[in-house]
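Listed here are the chains, written in short residue letters.
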Amino acid sequence: MARLFRSSDPAAATTAPPLPSPLPDLGVALSAADLRATAYELLVAASRATGAKPLTYIPQAATAAAKMKGAFGLGPSPSSTGGTAAVLELVRARMGVTEQADARIRRALLRVAAGQLGTPADSMVWPLEFVQKCKASDFLDPLEYEAWQTRNFKLLEAGLLVHPLVPLKKSSISAKIMRQIIHEAYDGKLETGRNSESMIRLRNAVVSLACRSLDETSDECHWADGFPLNLHIYKMLVEACFDVDEGSVVQEIDETMELLKKTWPIFGVNQMLHNLYFTWALFNHFVMLGQVNSNDLFCATENLLVEVAKDAKITKDPDYCDVLGSTLSSIMGWTEKRLLGYHETFNTGNIYSLQYIVSIGISAAKILVENQDTSYENHSGVKGDIDVMRSRIETYIHSSLRSAFAQTMEEGASKRSSRNRMPALSFLAKKTSDLAIKEKNVYSPILKKWHPLAAGVAVATLHACFGNELKQFTAGLTELTPDTVQVLKAADKLEKDLIHIAIEDSMDIAGGKSLVKQMPPYEAGTVMANLVKAWVKEQIDKLKGCADQKLEQETWNPVDNNSDSFAPSSVDMLQLIEETFDAFFELSIPMHSTLLSDLTAGLDKCLHYYVSKVKSGCGKYIVKTVLLHNNIGDFILN
């Protein structure tokens, strides 16, 4: 048996469940096993491996399959010289079809060929042919034969009644007859002998329903190419392109692809539908492998998405558009679930896979926009592509960083203890800065491929997040405290760090300056200055009130002849002033030099007020009080 393409890393085994199929439900109770068995039967029938002239594999140049092998980096496979039969045997094993079942299929095909010599495979209604050509004696187990018959009747129901290529008319007599016969078959009341009356009626009804055309100008036979039955069966063949155990692409991908193409006339599948569904299959296995050692699947998915984009522009087929929309929406749904919170999804251990998922998500988004938004035609081309890319990246950045910021807030609240006296917003400012640095060093270098201002967008997002918290904090401020000062200083530092990253990221890039302008300043310095001025006024008013109180309580009746003595209120005033200065410098604000003059001017006015009061109530002590004022003035100046 030819070697399958497998990863050498055991960790590459399937680690995630498959995604839901993008195809609509069949509406008929056909299991995956039923569809898989049918797919293999039709594959053998299409290859005519048992006919008088068995097919020989002939490589086809310039096909999507050939491009696929190049994307996987695979060389010629050992089975290339073995012909169709060798590849078909590999496919049989991968699809889980037993040798006994394969032999039964081939015997049935020989019987069909004897009675339908020269009839193309795509012109036969194969479930009907198998029901008539296979006997109970072909099966070891009567229950297996019964299940096999039931499957074929369900296929006839799905292909000709539920999902016909040509819509049925309500008055169709053939459809009524067929429904009746199929119900009899389900109830076990149908005589399946070749020449029985029921089988003759069934054949006539089937032929009448199958041999119709959309334009009613020909009698082409259509059985399995009704949407979505055709793709439900075909997807089982597509799975044969992947190794059962590893989930990676098989070595014989080109040969398997050529074999699958033999079934296209039966299913009504063309290159565009194949490209679309195989893209889905590749992506699905990329997901199931957990993106571990799946670069080959990523590259192949990317290559086929390019083909899908071309196909989507040249077709308006409603069935194709339905599958296109559901397939791309499913791909985007999976990618965006991770990209909208990429900080939680990706870390330094798996950051390499971020570029893969972004690339696939962006490619799918561009195709969807082009084919679902008619206004996009006005923006088609390079500029349109850039708009889509940047819009999606900005959405990812905004969402992920907002979530990361919120999580940082929660973690900060839970980790802070009585020992950590750092104010909550100061702690948050530090963590926000750390988040910005991580974004710049880890995520932005990858996201810049699609958005040159990725880091700038990120820090602008963080700037807005912290700004909202700071705005709520400052809105309720009525007094200046050491904790308040610490918060405002941390906010000011954070803002400078964020702006520095934004400017550094946008250097020589159009639009960079406007991004910085979109970051409204925190004005932490202005808030601090206003609070200090209010604090100074409060201290001056308090000192003035103390002066009035002290003077009212003081008795101006000196009995001491000591010329150096002076009123007790003067000493109290000096202590209050000293305490005011100490409190001012304990604030540890960065603008002491600019606000000190406001404080000294206020204290000077207060002292003038005190001296004037002393003059009016203290005769012989006037000189000493003035001397005290001068001493205090020297203290202020020093």
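This section reports on the structure supplied with the text. From a predicted model like this one, the values you see are computed outputs, not experimental measurements. All chains use their own residue numbering, which begins from 1 and follows the written sequence. In keeping with the model being predicted, local features are shown solely for residues with a pLDDT of at least 70 and side-chain atom pairs are shown and tallied solely at 80 or more, while totals for entire chains, interfaces and linings include all residues. Side-chain numbers here rest on the full set of heavy atoms in the structure, without hydrogens or water.

Take the overall build of the chain next. Think of it this way: any DSSP run of H or I at least four residues long counts as a helix, any run of E at least two long counts as a strand, and we number them from the N terminus. Within the chain one finds 25 helices and zero strands. For the exposure calls, accessible area comes from a 1.4 Å probe over protein chains only, and a residue counts as buried if that area is under 20% of its type's maximum, exposed if over 50%, partly exposed in between. The buried share of the chain, taken over its 638 residues, is 49%. Split by element, the accessible area of the chain, about 30900 Å² in all, is 53% carbon and sulfur. Note on areas: Shrake-Rupley, 1.4 Å probe, and residue coverage restricted to the protein chains presented here.

Moving on: the pattern of salt bridges. Whenever Lys or Arg places a side-chain nitrogen within 4 Å of a carboxyl oxygen from Asp or Glu, that contact is recorded as a salt bridge. Here the structure, examined in full by the defined rule, presents 14 salt bridges. With a closest N to O distance of 2.8 Å, D102 and R106 form a salt bridge. Taken together, the residues D102 and R106, both in helix α4 (residues 99-115) and four residues apart, mark about one turn of the helix. Residue R203 pairs with E129 through a salt bridge whose shortest N-O separation is 3.4 Å. Taken together, the positions of R203 in helix α8 (residues 197-210) and E129 in helix α5 (residues 126-133) put the pair 74 residues apart, joining distant regions of the chain. Since its relative accessible area comes to 4%, E129 is described here as buried. In the salt-bridge network here, residues are joined through shared partners; they are E129, K133 and R203.

Here a pair means two rings of Phe, Tyr or Trp (six-membered ring of Trp) with centres within 6.5 Å. Their orientation is stacked below 30 degrees between planes, edge-to-face above 60, and tilted elsewhere. Evaluation of the coordinates by the stated rule reveals 13 aromatic pairs. Ring geometry for F139 against Y145: centres 5.2 Å apart, planes inclined by 50 degrees, an arrangement best described as tilted. By relative accessible area, F139 is classed as buried at 7%. Within the aromatic cluster, the residues linked to one another by ring pairs are F139, Y145 and W148. Whether a charge sits over a ring comes down to the Lys NZ or Arg CZ being within 6 Å of the ring centre and within 35 degrees of the ring normal. It is K544 that lies over the ring of Y609; its NZ or CZ is 4.9 Å from the centre.

Here we come to the environment of E99. Looking at the secondary structure, you find E99 in helix α4. With a relative accessible area of 56%, E99 lands in the exposed category. Spatially, the C-alpha atoms of E99 and E89 are 9.5 Å apart, while their sequence positions differ by ten residues.

In this section: the packing of helix α13 (residues 295-313) against helix α14 (residues 318-339). At a minimum axis separation of 12 Å, α13 and α14 run at an interaxial angle of 140 degrees. Taken as a pair, α13 and α14 cross one another with a handedness that is left-handed. Only Y320, L324 and L328 of α14 make contact with α13, whose side of the interface consists of L305, V308, D311 and A312. Class assignment of the residues belonging to the contact of α13 with α14 gives a composition of six nonpolar, no polar and one charged. Every axis in this analysis is a line fitted to C-alpha atoms, fitted for helices over the stretch in contact. Angles between the N-to-C directions lie between 0 and 180 degrees. Helix crossings fall into two classes, left-handed where the near helix is turned counterclockwise from the far one by less than a right angle and right-handed where it is turned clockwise. The contact rule is simple, with two residues in contact once any of their heavy atoms fall within 4.5 Å. Charged means Asp, Glu, Lys or Arg here, nonpolar means Ala, Val, Leu, Ile, Met, Phe, Trp, Tyr, Cys or Pro, and polar covers whatever is left, Gly included.

What follows is about the side chain of S363. Summarising the element assignment, S363 is placed in helix α16 (residues 352-372). Classification of S363 by relative accessible area gives buried; the value is 17%. Polar contact is the term for a pair of N or O atoms within 3.5 Å; when the atoms are in protein, one must be able to donate a hydrogen and the other to accept it, and sequence-neighboring residues count only if both atoms are side-chain atoms. A distance of 3.3 Å separates the side chain of S363 from the side chain of E302, its partner in a polar contact. Other than its neighbours up to four places away in sequence, S363 contacts E302 and L305.

Time to look at a negative patch on the surface. Patches in this entry comprise residues that are over 30% relatively accessible and not in a salt bridge; like charges within 9 Å are linked, as are nonpolar side chains (Val, Leu, Ile, Met, Phe, Trp, Tyr) within 5 Å. Neither His nor the chain ends is counted toward charge; the positive residues are Lys and Arg and the negative residues Asp and Glu. By convention, the point assigned to a charge is CZ for Arg, NZ for Lys, CD for Glu and CG for Asp. A grouping of E578, E579, D582 and E586 is seen on the molecular surface, where their side chains present a negatively charged patch. Here E578 lies in helix α23 (residues 568-586).

One finds W126, L156, M178, F286 and F466 to be the most contacted residues of the largest nonpolar core, which totals 183 residues. With eleven residues, the single largest contributor to this core is helix α12 (residues 271-288). Residues contacting F466, with those up to four places away along its chain left out, are F405, L425, L428, A429, T432, A491, L494 and Y522. Nonpolar core, defined: a set of buried Ala, Val, Leu, Ile, Met, Phe, Trp, Tyr and Cys residues in which side-chain atoms within 4.5 Å join the residues together.

Let's shift gears to the packing of helix α6 (residues 142-162) against α8. A pair of packed helices is captured by two measures, namely the crossing angle of their axes and the spacing between those axes. Following both chains from N to C, one finds α6 and α8 inclined at 35 degrees, their axes separated by 10 Å at the closest point. At the point where α6 passes α8, the crossing takes the left-handed sense. For the pair α6 and α8, the contacting residues are F153, L156, L160 and L161 in the first and L202, V206, L209 and A210 in the second.

So, on to the environment of S21. Positionally, S21 belongs in the segment before α1 (32-47). In this structure the C-alpha to C-alpha distance between S21 and N284, which are 263 residues apart in sequence, comes to 9.2 Å. Those residues in contact with S21, other than ones at most four positions away along the chain, are K235, Y277 and W280. A polar side-chain atom of S21 sits 3.1 Å from the main-chain amide nitrogen of L23.

Counting through the fold element by element, A240 comes out in the loop between α9 (229-238) and α10 (253-261). Considered as a pair, A240 and I253 are 13 residues apart in the sequence and their alpha carbons are 9.3 Å apart.

Covalently bonding the sulfur atom of one cysteine to the sulfur atom of another cysteine gives a disulfide. By definition, disulfides here are pairs of cysteine sulfur atoms that lie within 2.5 Å. All told, the structure shown has zero disulfides when counted by the stated rule. This cysteine, C211, is not joined by any disulfide, and C221 carries the nearest cysteine sulfur, 4.4 Å off.

In the segment running from F227 into P228, the intervening peptide bond is cis, with an omega of 5 degrees. By the secondary structure assignment, P228 is in the loop between α8 and α9.

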